[in-house]
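# Notes for the structure review
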Amino acid sequence: MEQYIIKGGNPLVGEVEIAGAKNAALGILAAAIMTDETVTIDNLPDVNDINVLLEAIEGIGASVQKLDRHTVRINGSTIQNLSIDYDYIKKIRASYYLLGALLGKYKKAEVALPGGCNIGSRPIDQHLKGFRALGADVEIEHGSIMAEAEHLRGNHLYFDVVSVGATINVMMAAALAEGTTILENVAKEPHVVDVANFLNSMGANIKGAGTDVIRIKGVSRLHKSSYSIIPDQIEAGTFMFAAAATHGDVTVMNVIPKHLEATTAKLVEIGCEVEEFDDAVRVIAKKRLGHTQIKTLPYPGFPTDMQPQMGVLLSLSRGTSTITESIFENRFKYLDELKRMGALSKVEGNSATIEGVEGFSGARVSAPDLRAGAALCIAGLAAEGITIVDDIVYIQRGYERFEEKLRSLGGLIERVESEKDIQKFTLKVS
Ligand code: EPZ
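Residues numbered from 1 in each chain as written. Predicted model: local features only at pLDDT ≥ 70, side-chain atom pairs only at ≥ 80, totals over all residues. Heavy atoms only, no water.

Another aspect to go through is the overall build of the protein chain. Secondary structure assignment for the protein chain yields 15 helices and 24 strands. Taken against the 2.2 N^0.38 rule, which gives 22 Å for 430 residues, the C-alpha radius of gyration of the protein chain at 22 Å falls within 12% of a compact globule. Expressed along its principal axes, the backbone C-alpha trace of the protein chain runs to roughly 65 × 45 × 40 Å. By the burial criterion, 56% of the 430 residues in the protein chain qualify as buried. A separation threshold of at least 6 residues defines the contact pool for the protein chain, and within that pool the share at least 24 residues apart is 72%. As presented, the protein chain carries roughly 16800 Å² of accessible surface, and 48% of it is formed by carbon and sulfur atoms. (Helix = DSSP H or I, 4+ residues; strand = E, 2+ residues; numbered from the N terminus. Rg over C-alpha atoms; globule rule 2.2 N^0.38 Å. Buried < 20%, exposed > 50% of the residue type's maximum accessible area, 1.4 Å probe, protein only. Contact = heavy atoms within 4.5 Å. Areas by Shrake-Rupley, 256 points an atom, 1.4 Å probe, with all protein chains shown as cover.)

Okay, here's the thing in structure tokens:
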């Protein structure tokens, strides 16, 4: 089992390049099979979740050709199998985007029903409500969702909750429905906009992505396209928090600063200096930071995917902070791990109260999920002594070359596999 070993105490300093957005890429790769022509997608992050989805796409018969680490060519004309099995859904929930994509294109799809995951129960009722509104017959049988329609027809639909996944999934199916679909109370995340832009580049007619209402005029077919994915705002934010927690000075390159506004505003509020450039953001933290209140909300609110990184920072800041997690019910597990490093917090329901401490001491901790895992690495980089992070397979799902990027900023972090590797690292840094 691989682990990260970290010797904390070095401020992170320098420049770091951000990869393409994982959560945009997941939607875009699924949408790429909706045409029989060839699609080329660039700025794809080279992370496990993406590689598993590519396997799932290949598994249904599409041709998938990796041109280089970040570019893939997909052709969906050879698809024969309209069913995605549980193995893929178990490894990567977002394989369920193939439901919207296949239903739109072939008017039929079967995808294993995803269960809950480490961060919450994660129902998908809104996805199914959307497909039904378009006229599909949707049944759940033997653990699979079977969706089928004679014709998909545009409709007017109001989502009961703001959901990234439901917005993307239903938007894909509606792109190839007959007539106009109006989706209200949709998610406005940059990755929703990116998937809509990609579909439009293939000939879809989608307007309003990024606002509360998306209008889709169905078209009969989609065509070839070459598309470059937007930068990953969560990876960018993670490095911004790493800079702040280690009292560093990091310029995060290849970002869209507008997508980072909620993160930037909170960092400035607690005492960081943040400089914005056209496609970069520089974070400087010269002193111990202050406390604040955070409530996670759909975009443009403070992202739930940045909540653990913020929790680590606030655990090191002056005074008492509170975090309310309003998106997922189980996203505070990292605070228990952080207690092993000396942090002080109390969780009640969906709120956490954090008493800032002067510093952390390195300890062995486990990554409970992707973002919480990255947050614990930040804690290790800020801690005194050695931290070992277990279960880093979660981190590898969504961060490309995470340890290499941290090392390039002066972080002492290595991926290790054995006791011998650990000893080697300890000797090197002592
Ligand atoms: C996406 O998940 C992201 N994943 C998550 O990122 C992110 O945390 C989340 O959006 C919120 O921003 C991908 O894009 C692949 P939702 P998603 O549907 O689409 C409830 C990461 O670390 N809901 O917007 O699954 C749901 O329970 C991951 O990269 C319903 O009730 O999230 C939650 O409370 C983790 N019914 C809220 O809506 C539904 O049918 C928002 O979930 C769908 C969702």
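Right, let's get into the packing of helix α4 (residues 97-106) against helix α6 (residues 164-175). Any two packed helices are characterised by how steeply their axes cross, that is the angle between the axes, and by the distance between the axes. Interhelical geometry of α4 versus α6 gives an angle of 15 degrees and a closest axis separation of 7 Å. Judged by the angle between their axes, α4 and α6 are roughly parallel. Relative to α6, α4 is oriented so that their crossing is right-handed. Contacts from Tyr97, Leu99, Gly100, Ala101 and Gly104 in α4 reach Val164, Gly165, Ile168, Asn169, Met172 and Ala173 in α6. Class assignment of the residues belonging to the contact of α4 with α6 gives a composition of 7 nonpolar, 4 polar and no charged. (Axes fitted to C-alpha atoms, helices over the stretch in contact; angles between N-to-C directions. Parallel < 35°, antiparallel > 145°, perpendicular 65-115°, else oblique. Left-handed = near helix turned anticlockwise from the far one by under 90°. Nonpolar A, V, L, I, M, F, W, Y, C, P; charged D, E, K, R; others polar.)

A few words now on the pairing of strand β3 (residues 38-42). In this sheet, strand β5 (residues 71-75) lies alongside β3 in antiparallel orientation, the contact comprising 4 bridges. Paired with Thr38 across the bridge in β5 is Asn75. (Pairing = 2+ DSSP bridges.)

With that settled, consider the domain arrangement of the protein chain. Segmentation of the protein chain into domains returns domain 1 (3-19 + 231-429) and domain 2 (22-228). Each partner contributes residues to the interface: domain 1 has 26 residues there, and domain 2 has 23 residues. When the two sides are added together, the surface that domain 1 and domain 2 hide from each other amounts to roughly 1900 Å², 48% of it contributed by carbon and sulfur. For domain 1, the biggest contributors to the area lost against domain 2 are Tyr299, Arg397 and Glu400; these three give 33% of the whole. Where domain 1 packs against domain 2, one counts 1 salt bridge. Among the ionic pairs, Arg397 bridges to Asp49, the shortest N-O distance being 2.7 Å. (Domains from an automatic or database assignment. Buried area = accessible area lost by both parts, 1.4 Å probe. Salt bridge = Lys/Arg side-chain N within 4 Å of Asp/Glu carboxyl O.)

This next bit is on the site of the ligand. Residues in close proximity to the ligand total 23 residues, the closest being Gln126, Ser163, Val164, Asp305 and Ile327. Tyr96 is positioned such that a nitrogen or oxygen atom in its side chain is 3.5 Å from an oxygen atom of the ligand. Residue Gln126 places a main-chain N or O atom 2.7 Å away from an oxygen atom belonging to the ligand. When the ligand is considered free in solution it has 820 Å² of accessible area, and contact with the protein chains removes 87% of it. Those elements that provide at least two residues to the shell around the ligand are α1 (22-31), α5 (125-133), α6 and α12 (370-382). Counted by class, the shell around the ligand contains 11 nonpolar, 6 polar and 6 charged residues. The residue makeup of the shell around the ligand includes at least three contributed by each of domain 1 (3-19 + 231-429) and domain 2 (22-228). (Near = heavy atom within 4 Å. Polar contact = N/O pair within 3.5 Å; in protein donor to acceptor, adjacent residues only side chain to side chain.)

Another point: the packing of α1 against helix α7 (residues 190-201). Between α1 and α7, whose axes approach to 8 Å, the crossing angle comes to 25 degrees. Relative to α7, α1 is oriented roughly parallel. The two elements α1 and α7 cross, and the hand of that crossing is right-handed. Residue-level inspection shows Asn23, Ala24, Gly27, Ile28 and Ala31 of α1 in contact with α7, the latter providing His191, Asp194, Val195, Phe198 and Leu199. The residue makeup of the contact of α1 with α7, split by class, is 6 nonpolar, 3 polar and 1 charged.

Before going further, it helps to examine the pattern of salt bridges. A full pass over the atoms with the stated rule returns 24 salt bridges. In this structure, Asp36 and Lys105 form a salt bridge, with 2.8 Å as the shortest nitrogen-oxygen distance. One end of the pair, Asp36, is in the loop between α1 and β3; the other, Lys105, is in helix α4, and 69 residues separate them in sequence. Look at Asp36 and you get partly exposed, because its relative accessible area is 44%. The partner of Lys66 in a salt bridge is Asp46, and the shortest N-O contact between them spans 4.0 Å. Residue Lys66 is located in strand β4 (residues 63-68), and its partner Asp46 is located in the loop between β3 and α2 (48-59); the two are separated by 20 residues in the primary sequence. Salt bridges sharing partners connect three or more residues here, namely Glu2, Glu403 and Arg415.

With that settled, the discussion passes to helix α10 (residues 307-315). Most of α10 sits out of view: 9 of its 9 residues are buried. Among the residues making up α10, those that are buried are Gln307, Pro308, Gln309, Met310, Gly311, Val312, Leu313, Leu314 and Ser315.

We now examine the packing of aromatic side chains. Summed over all chains, the structure comprises 5 aromatic pairs. Judged by centre distance (4.9 Å) and plane angle (45 degrees), the rings of Tyr399 and Phe402 are tilted. Overall, the relative accessible area of 2% leaves Phe402 in the buried class. Among the aromatic residues, those joined into a ring-pair cluster are Tyr4, Phe239, Tyr399 and Phe402. (Phe/Tyr/Trp six-rings, centres within 6.5 Å; stacked < 30°, edge-to-face > 60°.)

To continue, consider the sheet that holds strand β20 (residues 344-348). Read across the sheet, 4 strands follow the order β18-β19-β21-β20 without closing on themselves; strand pairing throughout is mixed. Where the open sheet ends on each side, the last strands, each with one partner, are β18 (293-295) and β20. Looking at each pair of strands side by side, their axes are set apart by 15 degrees on average, direction ignored. For β20 and strand β21 (residues 351-355), the ladder comprises 5 bridges, and the chain directions are antiparallel. Looking across to β21, one finds that Val347 is bridged to Ala352.

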